[in-house]
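Here is what each chain is made of, one letter per residue.
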Amino acid sequence: MRYVKWTFFTIIAVLLFSFFHYTLPQHDIVRVVGTENRRIDFGENSFFWASPDVGTAAGTNRDVRFINAEYPNGKIIVYRNEDTGWGWPPYFKLDSSNLQAEAQALISNDKANPTWVSVTHYGWRNEFLTIYPNAITVTQVEGPDVRIIPWFNIFFFIVLAGILLLLWRMWAQFRERTIDPTLESIGDTIDEIDDRADSLWARFKAWLATWRGKPRR
Amino acid sequence: MIAMFRLALFGYLGLTVLYFLVSIYSRSTQREELEKEWDAAQGPGERDDYIAAGMAAYEKGLRKKLIWLVYVIPTLAVIAAIYLLNFA
């Protein structure tokens, strides 16, 4: 049983971690090396793609903007650049065309004198599913070593903890003030019924006893 | 635009549920506080009257009005997010 319990908790923890790791924003320091548009026919990976540009119709396929970039250590990364609009995740991103222009303005193929940018993004790159992180904003930074403090994520987890604390306090208050007194009164009622049943039973037994013969002498 | 209205509709429906939950919770803590105050001081007046008066004051008070922030804060947060992420 203990293994079942720990397996269960581990699965829940991994799912929660993956959910936040996928959804919350992260920052990459990269050099933009190019941008492109490709038509994508969404298949079994459609879950990992966002929505068409706000106001345009949804089809079974569409053109998606991509931003190709390189990390300071030479590894590459490809971002998609899609609107999330009013859907999930709630980044309310409406400006993917503008972002594409910004990224194009920051293309830096001069390796001797590179322009470094911080790309805020969510999502994962996975070659097996052909999925890409979605770039949210691009800002120029001074160098590849700048330290970016994830203020939003810190703030988010503080607020989340506050909400969970509030829900827990609400539940505790409800239990203390509503459920416990009700259960107590139900318990009292059951006790009363029990007592009455006992006395009925005693009377019934006494009545039965009247049918018994008198004790033999 | 339909997507925006759908988000607003379901968002405010969710916030309405939260609003009622917080209202009930806040009222309950207020009542508990009044009960404890009276029990500690054994007065003034009758216990039920004291609590009724205190709850009437609560219904008109600032603390109850502050629960409207349940609607205001998320709305402002969404507007701020739209501005900061797209137009700043």
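Residues numbered from 1 in each chain as written. Chains lettered and ligands numbered in written order. Predicted model: local features only at pLDDT ≥ 70, side-chain atom pairs only at ≥ 80, totals over all residues. Heavy atoms only, no water.

## A few points about the overall build of chain A
Operational definition: Strands are runs of DSSP state E lasting at least two residues, helices are runs of H or I lasting at least four, and both sets are numbered from the N terminus onward. For the radius of gyration, the atom set is restricted to C-alpha positions; the globular benchmark scales as 2.2 Å times the number of residues to the power 0.38. Burial status follows relative accessibility: with a 1.4 Å probe on protein chains alone, a residue under 20% of its type maximum counts as buried, one over 50% as exposed, and anything between as partly exposed. What makes two residues a contact is simply this: any of their non-hydrogen atoms within 4.5 Å. Each accessible area is a Shrake-Rupley result for a 1.4 Å probe, and residues are judged covered by the shown protein chains and nothing else. For this count, His and the chain ends are skipped, Lys and Arg are scored as positive, and Asp and Glu as negative. A single reference atom marks each charge: NZ on Lys, CZ on Arg, CG on Asp, CD on Glu.
On a plain count of helices and strands, chain A comes out with three helices and five strands. What you see in chain A, going N to C, is helices and strands ordered as α-β-β-β-α-β-β-α. Computed over C-alpha atoms, the radius of gyration of chain A comes to 33 Å, more than 25% over the 17 Å expected from 2.2 N^0.38 for 217 residues, which places it beyond the range of a compact globule. For chain A, with 217 residues in total, the buried portion stands at 29%. Taking as baseline every contact in chain A between residues at least 6 positions apart, the subset at least 24 positions apart corresponds to 66%. Roughly 15100 Å² of accessible area belongs to chain A as shown, and the carbon and sulfur atoms make up 62% of that amount. Across chain A, the centroid of the 23 positively charged side chains sits 15 Å from that of the 24 negatively charged ones.

## Considerations on the confidence of the model for chain A
Applicable threshold: Every residue carries a pLDDT, the predictor's confidence in it, which falls somewhere between 0 and 100.
The pLDDT averaged across chain A works out to 90; a share of 100% of its residues lies at or above 70. By mean pLDDT, helix α3 (residues 151-209) of chain A is the weakest element of chain A at 90, and strand β4 (residues 116-122) of chain A is the strongest at 95.

## Describing the packing of α3(A) against helix α1 (residues 2-41) of chain B
Put simply, the rule reads: For helices, the axis comes from a line fit to the C-alpha atoms of the stretch in contact; other axes are also lines fit to C-alpha atoms, and the angle between any two N-to-C directions lies between 0 and 180 degrees. By the definition adopted for this analysis, an angle is roughly parallel if under 35 degrees, roughly antiparallel if over 145, roughly perpendicular if from 65 to 115, and oblique otherwise. Handedness of a helix crossing follows the sense of rotation of the near helix relative to the far helix, less than a right angle counterclockwise being left-handed and clockwise being right-handed. Residue classes follow a fixed rule: Ala, Val, Leu, Ile, Met, Phe, Trp, Tyr, Cys and Pro count as nonpolar, while Asp, Glu, Lys and Arg count as charged, and any other residue, Gly among them, counts as polar.
Remark: α3(A) packs on α1(B), axes separated minimally by 10 Å, with the N-to-C direction vectors making an angle of 55 degrees. As far as their axial angle goes, α1(B) and α3(A) are oblique. Crossing angle aside, the handedness with which α3(A) passes α1(B) is left-handed. In this structure, α3(A) contributes Leu166(A), Arg169(A), Met170(A), Gln173(A), Glu176(A) and Arg177(A) to the contact, and α1(B) contributes Leu21(B), Val22(B), Tyr25(B), Ser28(B), Thr29(B), Arg31(B), Glu32(B) and Glu35(B). Looking at the contact of α3(A) with α1(B) residue by residue, the classes come out as five nonpolar, three polar and six charged.

## Focus: the pattern of salt bridges
Let me state the cut-off plainly: Salt bridges are defined by distance alone: a side-chain nitrogen of Lys or Arg within 4 Å of a carboxyl oxygen of Asp or Glu.
Inspection of every chain in the model, using the stated rule, returns eleven salt bridges over all chains. Here Arg39(A) and Asp41(A) are joined by a salt bridge, their closest N and O atoms 2.7 Å apart. Judged by relative accessible area, which is 51%, Arg39(A) ranks as exposed. Notably, a salt bridge pairs Glu59(B) with Lys64(B), separated by 2.7 Å at the nearest N-O pair. Given a relative accessible area of 35%, Glu59(B) falls into the partly exposed group. Several salt bridges share partner residues, and in doing so they unite Arg62(A), Arg80(A) and Glu82(A) into one network.

## Some points on a nonpolar patch on the surface
All names here are of chain B. Counted only if it meets this: For patch detection, residues must exceed 30% relative accessible area and be free of salt bridges, and they are connected within 9 Å for like charges or within 5 Å for nonpolar side chains (Val, Leu, Ile, Met, Phe, Trp, Tyr).
Together, Leu62, Leu66, Leu69, Val72, Ile73, Leu76 and Ile79 line one region of the surface with nonpolar side chains, adding up to about 660 Å² of accessible area. Of all elements in the fold, only α3 (62-66) and α4 (69-86) reach the threshold of two or more residues within the nonpolar patch. The element best represented in the nonpolar patch is α4, accounting for five residues. Secondary-structure assignment places Ile73 in helix α4.

## With respect to unusual backbone geometry
All names here are of chain A. Residue Trp88 is joined to Pro89 through a cis peptide bond whose omega torsion reads -10 degrees. By secondary structure assignment, the location of Pro89 is in the loop between β3 (76-81) and α2 (96-105). We note that Phe92 has phi near 50 degrees; this positive angle belongs to a residue other than glycine. Relative to the elements of secondary structure, Phe92 occurs in the loop between β3 and α2. Residue Phe92 is classed as buried on the basis of its relative accessible area, which comes to 7%. The residue Thr130 is not glycine, and still its phi comes out positive at about 55 degrees. Looking at where Thr130 falls in the secondary structure, it is placed in the loop between β4 and β5 (134-141).

## Overview of α4(B)
To keep it simple, the criterion reads: Expected helix span is computed as 1.5 Å times (number of residues minus one).
Compared with the 26 Å implied by 1.5 Å per residue over 18 residues, the 25 Å span of α4(B) between its first and last C-alpha is a close match. Turning to α4(B), the residues buried within the fold contact α1 of chain B.

## A closer look at a negative patch on the surface
Side chains of Glu176(A), Asp180(A), Glu184(A), Asp188(A), Asp191(A), Glu192(A), Asp194(A), Asp195(A) and Asp198(A) sit close together on the surface and give a patch of like negative charge. For Glu184(A), the location among the structural elements is in helix α3.

## Details of the interface of chain A and chain B
Where we set the bar: Throughout, buried area stands for the accessible area (probe radius 1.4 Å) lost by two parts on being put together, summed over both. Think of a polar contact as two N or O atoms within 3.5 Å of one another; within protein, one of them needs to be a possible hydrogen donor and the other a possible acceptor, and neighboring residues in sequence only count if both atoms come from side chains.
Between chain A and chain B, the contact holds 14 residues from the first and 16 residues from the second. Looking only at chain A, the three residues that lose the most surface to chain B are Trp86(A), Phe92(A) and Arg177(A), adding up to 43% of its buried area. Between chain A and chain B we count one salt bridge in total. The residue Arg177(A) makes a salt bridge to Glu35(B) at a minimum N-O spacing of 3.0 Å. Counting the contacts that link chain A with chain B gives six residue pairs in polar contact (both at pLDDT 80 or more). The biggest single contributor to the side of chain A that touches chain B is α3(A), with six residues. Residue composition of the side of chain A that touches chain B, grouped by class: seven nonpolar, two polar and five charged.

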